[in-house]
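Residue strings, one per chain:
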Amino acid sequence: MSYVSLTINGIKITVPKGTTVLDAAGQAGVFIPTFCHDPEIARFGACRMCVVEIPGMRNLPASCVTDATEGMEVNTESPAVVEARKTILELILANHPQDCLTCEKNGDCRLQDYAFRYGVKESGFTGERKEYPLDDSNPYIIRDANKCILCGRCVRTCNAIPERSVIDFGYRGFNTKIVTAMDTPLGESECVYCGRCVTVCPVGALTWKPLAGKGRVWEIDRQEVTCTFCDSGCTFEVLSKNGTNIGVIPKAPGHGRPLCLKGRLGLELKFLDHPPDPQLKKDGAFVGVSWGEALGLEDILSKLDKDK
Amino acid sequence: MASCNCGHQNDDEKQKEFGDLLAKYKGVKGALIPVLQEAQEIFGYLPAETMKQISQSQGIPFSKTFGVATFYSQFHLKPRGRNIIRMCQGTACHVRGAAKVFDAVSTNLGVAKNETTEDRRYTLETVACLGACGLAPVMMVNSDTHGRLSPDSAVKMVKNYE
Amino acid sequence: MQTLLDKCCDKCTHEPKNPCRDFIKCRKEGPICHDDESCRQKRKDIINGIHLPEGTDKKNILICAGTGCTSSGSRKLVDVLKEELQKHNLQDKVKITMTGCHGFCEQGPLMIVEPDKTFYVRVQDSDVPEIVEQNLIAGQVVERLLYKDLATGESCKTYETVPFYARQQRLVLHNCGHINPEEVAEYIANDGYTGFARALLNMTPEEVVDEVKKSGLRGRGGAGFPTGMKWGFVRQAEGDKKYAVCNADEGDPGAFMDRSVLEGDPHAVLEGMMICGYAVGADEGYIYVRAEYPLAIERLKIAIAQAEQYGILGDNILGSGFNFHLKIKAGAGAFVCGEETALLTSIEGNRGMPRVRPPFPAQSGLWGKPTNLNNVETYANVPHILRQGGDWYATLGTEKSKGTKIFALTGKVNNTGLVEVPMGMSLRDIIFTIGGGIQDGKKYKAVQIGGPSGGCIPEENLDLPVDYDSLTAAGAMMGSGGLVVMDETTCMVDVARFFLTFTQSESCGKCTPCREGTKRMLEILTRICDGEGRMEDIDTLERLGRVVKNTALCGLGQTCPNPILSTLRYFKNEYLAHIQDKRCPAGVCPNLLTYVIDPEKCKGCGKCAKGCPAGAITGEKKQPHTIDTTKCIKCGACILGCKFEAIYKA
């Protein structure tokens, strides 16, 4: 493998050829903020938060999609870069609710973190904002399109499983929105509520309905568990507050396999003292079902019943 | 190829034509946009069921088909009028008074941009530039281009279309 | 009817399945494979029918069937003319040719009588009998239909003497308006496909790339990247499959040069693409045409079908072993698809959102394969380079910008239309000599060049030689070549707002700066035009413009602040007048105007009061009237109606 040497904020570093400037910076211990970047999914280069200054290059390139080259000199916090990041944050804030006090993501939100980092208190821009109704049409996921910053991570992670692909970008320009087919509420779509999208959302646009109001990020402890309902080995997190388990959320899919609702519900049953009643969609509406039905164990359970 | 949306063709014929269309593009790489275009020619717009069938036939997620259909301004998800008026908003038209021509037609028909009259006779749209700048201000009604318009002459011209 | 391309006799064996190497040359100069005087004569006769030889008593009437002239009624003209010729039994002596755009759309419908080059403008149906009787029969030019020179008032007998044409150098537009674009034989009679034949039969692909490099041709679609260098990258890129793609998604408001080339000379684009295919190693090509150009799509379809029919396009072309197939993709209404990566994404059947570069299309383009992308005008230049050589081409234009450039000259200029000039001509020459100066004797203010990606050039830069680099230095860009002339009655803030309205509504929405930034810039400009601007707005616009330019994902996003930045650079005083004085110096922004009746001029006829939809005008009969500014809705109806020019905006 061949290597290239570059300097980032004066720090010399050697990385394998083909490494992005963003990853090289990470290796040099230099932080670059990102919204749309996700090492697990295809590169996108849309949020432009990770722009850096590189002498000799036109404009400010996005570090997540720029390969490091020999002799490159990167400045990740030059005045032009800081101005650009502040302005981008202001632009996002101008079209984003400022209800952080009651937002489920408070304390676990990249927009908050970066606004803090760059001292952006409020947006200087006034004007039209998007106003979409809240989508809580299903028992599992709450979608607030007003908080969406269109980074597309949910779309890309959902589309990683071709037979799912229930959401995509819809409309255009300022009206761009993450949509289901025909822009229906999620509850009316083909979504299976695996929750990959919620896990990757960097802001408060996608949150867990069963956890709504149950606790602040800093009050919650997380324990990683591996699902054993099949042999894929997807990982989940069991969330607990004051020693009580309050919920289970997906963390990462197992190799080559999607996460599934069944696995997550099964883990809820396993780890929670008071698991919420499972609900499944029947004839287009969600109805409460038995645990046996939710986990697809009805046959076995009925046999066990017989044996008694 | 039948391209009218005037209602003369019955639904069975349309469905048959649509079936042929799906068959024609089955397995053709990158055919989603032409299929949507030709389906719209058959039905006059893109009904949800049509897009769903296209998705299945093309092996494309329905959400993606919807995303593509809403990205391009040429696609319409609602029924449109028999006559499509497209007023040019290009630079040359703008500096030669296109806004007044638009207002006159809009007021006369009682519809705003992208709206259809109740009798489905007209749909009023705007278009970025028709490329007939020498004749500014310009509009297209269906596939006819009309140039050197004044607010009055545009209104009169529109009335020629039943 | 036998055309030039059909077999002359049974000895000719050329057909697509059994191609003859010398097919193109043979048709013009042949037959080559056999010596037969009658076959030779047949070809001569056909060519003479296309190019009337000197001393002939035949006539060829060229009628423009471009979009402009068609909408002015040129198709009907053809029917009337046919009828009239029949009536006088002239149908064998006079040929009618429907051509592509002549470029002088303002004066359409246009008619040329060959071989005399007589040039008639604004020809109506009712003029046809007179043209037939007086010109075709009696041999007298119909004086009243000739174009009159604006400066001298004299009639121009031939198109060559019309100032609009006299200073042009029509290379790419050479055939436009002079041949029937729906007849490949006419293209071949005009040296068509000889450049391709030369490349294919006598040169290696590398030599073709070198020839284009030598010519100095740069992309005509926007940034001006050297075409030969791009071809070289695609040639060198590794891959078993490559594509040649033509960007015909001409979407800049005020630009229609590509449309005219496609409508008037589609084979030139095909030939350019085929040369490219051979040079870079592509066997498949796509032409992405915007859906708003139905006539261009139709002509391209005909051109491709004819080229295939005669074996110019297809497999084993001219027996060389080279295969090339062309497909048309119709756009679906998204300006952003003019951006190269968005265009490729759209051909693949997706939302036309630009992709990040690198990788560049030359490495990974359509379906991940190496792809060469040029626009219509660029491809249409290529046949000339292969016919006459790169060295010859490099003698045209300036040191760093070679060849000619087509501009769409529009706005407040007397002669609007398409003009093709050598690179380096001054804007002053284009606007005042070719364009005939400003309409109604008004004062020139600026010209917007390069559409929504470009900028404004004020009076002091009028002598700028037009080439890629000097325009960029002046804060504008060549873009696709739209030239919109503005006069003293054009408000530059309104112009900036106009372009931002366009880019805002055409933003694809992928990257944050363009999606959100264009919205906010437009809102600020609207506020300023409405008289609600604040002093800090200027700084905010400058900052937003700078950030969007620096950080947007694609070329369109990066250039969309240009109309704001360049008007701020040259016309800041107009912004200040709007913000500080609440005044629009050009008298355009309605919220900043009041309508006033001049008591000296008003005769008290009462017409304005009757026509006022808001009932804002009152006055005694035969006494000067007045306008109540609180009621006035500034619709302008009173000004249009006043016969005494007594009402003005202040």
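Everything numeric in this text was worked out from a predicted model, so none of it was measured.

Rules behind the numbers
Starting afresh in each chain, residues are numbered from 1 along the sequence in its written order. Here chains are named by letter from A upward and ligands by number from 1 upward, in the order in which they appear as written. With the structure being a predicted model, the display of local features is reserved for residues of pLDDT at least 70 and the display and counting of side-chain atom pairs for 80 or more, all residues being used for whole-chain, interface and lining totals. Based on all heavy atoms of the structure, the side-chain values leave hydrogens and waters out of the count. Here, two residues are considered to be in contact whenever any of their heavy atoms come within 4.5 Å of each other. Joining two parts hides part of their accessible area as seen by a 1.4 Å probe, and the buried area is that hidden amount summed over both. By salt bridge we mean one thing: a side-chain nitrogen of Lys or Arg within 4 Å of a carboxyl oxygen of Asp or Glu. The definition of a polar contact used here is a pair of N or O atoms within 3.5 Å, where within protein one atom must be able to donate a hydrogen and the other to accept one, and adjacent residues in sequence count solely through side-chain atom pairs. Helix and strand definitions here come from DSSP, where helices need a minimum of 4 consecutive H or I residues and strands a minimum of 2 consecutive E residues; each element is numbered from the N-terminal end. Amino acids are sorted into nonpolar (Ala, Val, Leu, Ile, Met, Phe, Trp, Tyr, Cys and Pro), charged (Asp, Glu, Lys and Arg) and polar (every other residue, Gly among them). Patch membership requires more than 30% relative accessible area and the absence of a salt bridge. Residues of like charge join within 9 Å; the nonpolar side chains Val, Leu, Ile, Met, Phe, Trp and Tyr join within 5 Å. The Shrake-Rupley method, run with a 1.4 Å probe, gives the accessible areas here. Residue values count only the displayed protein chains as cover. The source of the domain bounds is an automatic or database domain assignment. DSSP bridges decide pairing: two strands pair if at least two such bridges lie between them. Relative accessibility decides the category of a residue: with a 1.4 Å probe and only protein chains considered, values under 20% of the type maximum give buried, values over 50% give exposed, and everything between is partly exposed.

1. Observations regarding the interface of chain A and chain C
1) Next: If you look at the interface, chain A gives 33 residues, while chain C gives 36 residues.
2) Next: Regarding the contact of chain A and chain C, the summed buried area is about 2,900 Å², with carbon and sulfur atoms giving 51% of it.
3) Next: Three residues, L91, R172 and F174 of chain A, lead the burial of chain A against chain C; their summed loss comes to 21% of the area buried on that side.
4) Next: At the surface where chain A touches chain C, the tally comes to 4 salt bridges.
5) Next: In this structure, the salt-bridge partner of E128 of chain A is K519 of chain C, at a minimum N-O distance of 2.7 Å.

2. So, the interface of chain C and chain B
1) Next: Contacts between the two partners involve 51 residues from chain C, matched on the other side by 36 residues from chain B.
2) Next: If you sort the residues of chain C by the area they bury against chain B, A332, R351 and F498 of chain C come out on top, with a joint share of 18%.
3) Next: Applying the counting criterion to the chain C and chain B interface returns 0 salt bridges.
4) Next: Linking chain C with chain B are 12 residue pairs in polar contact (both at pLDDT 80 or more).
5) Next: Elements that contribute at least two residues to the side of chain C that touches chain B include exactly α3 (67–71), β9 (325–330), α14 (340–347), β11 (404–411) and α19 (492–506) of chain C.
6) Next: Of the residues assigned to the side of chain C that touches chain B, the class counts are 23 nonpolar, 17 polar and 11 charged.

3. Section: a nonpolar patch on the surface
1) Next: Residues L297, I300, L301 and L304 of chain A make up a contiguous nonpolar surface patch of about 330 Å² in total accessible area.
2) Next: Along the polypeptide, L301 of chain A turns up in helix α8 (residues 298–307).

4. Here we look at the domain arrangement of chain A
All names here are of chain A.
1) Next: Looking at chain A, the domain boundaries give domain 1 (3–77) and domain 2 (99–213).
2) Next: Just the C-alpha atoms count here: the centres of domain 1 and domain 2 sit 27 Å apart.
3) Next: Facing the 13 residues of domain 1 at the interface are 13 residues of domain 2.
4) Next: Regarding the contact of domain 1 and domain 2, the summed buried area is about 1,200 Å², with carbon and sulfur atoms giving 62% of it.
5) Next: Counting the surface domain 1 buries against domain 2, the share from its top three residues, F35, I41 and F44, is 47%.
6) Next: Inspection of the region where domain 1 meets domain 2 yields 2 salt bridges.

5. Some words on the pairing of strand β14 (residues 455–458) of chain C
Residues and elements named next belong to chain C.
1) Next: Pairing geometry for strand β13 (residues 444–449) and β14, over 4 bridges, is antiparallel. Bridge pairing in β14 links Q448 to C456.
2) Next: Linkage of β13 to β14, two consecutive antiparallel strands, is achieved through a turn of 5 residues, within which G450 is found at a positive phi near 90 degrees.

6. Structural notes on the domain arrangement of chain C
Residues and elements named next belong to chain C.
1) Next: Per the domain assignment, the segments of chain C are domain 1 (59–166), domain 2 (184–393), domain 3 (404–490), domain 4 (493–580) and domain 5 (594–649).
2) Next: Facing the 12 residues of domain 2 at the interface are 9 residues of domain 4.
3) Next: In this assembly, domain 2 packs against domain 4 so that about 960 Å² is buried in total across both faces, 80% of it on carbon and sulfur atoms.
4) Next: Contact with domain 4 buries area across many residues of domain 2, yet P253, F335 and P354 alone supply 52% of it, more than any other trio.
5) Next: Summed over the shared surface of domain 2 and domain 4, the number is 0 salt bridges.
6) Next: For the pair domain 2 and domain 4, the interface holds 2 residue pairs in polar contact (both at pLDDT 80 or more).
7) Next: Looking at the side of domain 2 that touches domain 4 residue by residue, the class counts come to 7 nonpolar, 2 polar and 3 charged.

7. Let's talk about the side chain of T559 of chain C
All names here are of chain C.
1) Next: Of note, T559 is situated in helix α22 (residues 555–559).
2) Next: On the accessibility criterion, T559 (16% relative accessible area) is buried.
3) Next: One polar contact links the side chain of T559 to the main-chain carbonyl oxygen of G555, over a distance of 2.8 Å.
4) Next: Only 3.3 Å separates the side chain of T559 from the backbone oxygen of L556, close enough to count as a polar contact.

8. A word on the pattern of salt bridges
All names here are of chain C.
1) Next: If you walk through the whole model with that rule in mind, you get 57 salt bridges over all chains.
2) Next: Between D429 and R167 there is a salt bridge, with the nearest N and O atoms lying 3.1 Å from each other. With D429 in helix α17 (residues 427–434) and R167 in the loop between α6 (163–166) and α7 (184–189), this residue pair connects regions lying 262 residues apart in the sequence.
3) Next: Here E348 and R355 are joined by a salt bridge, their closest N and O atoms 3.1 Å apart.

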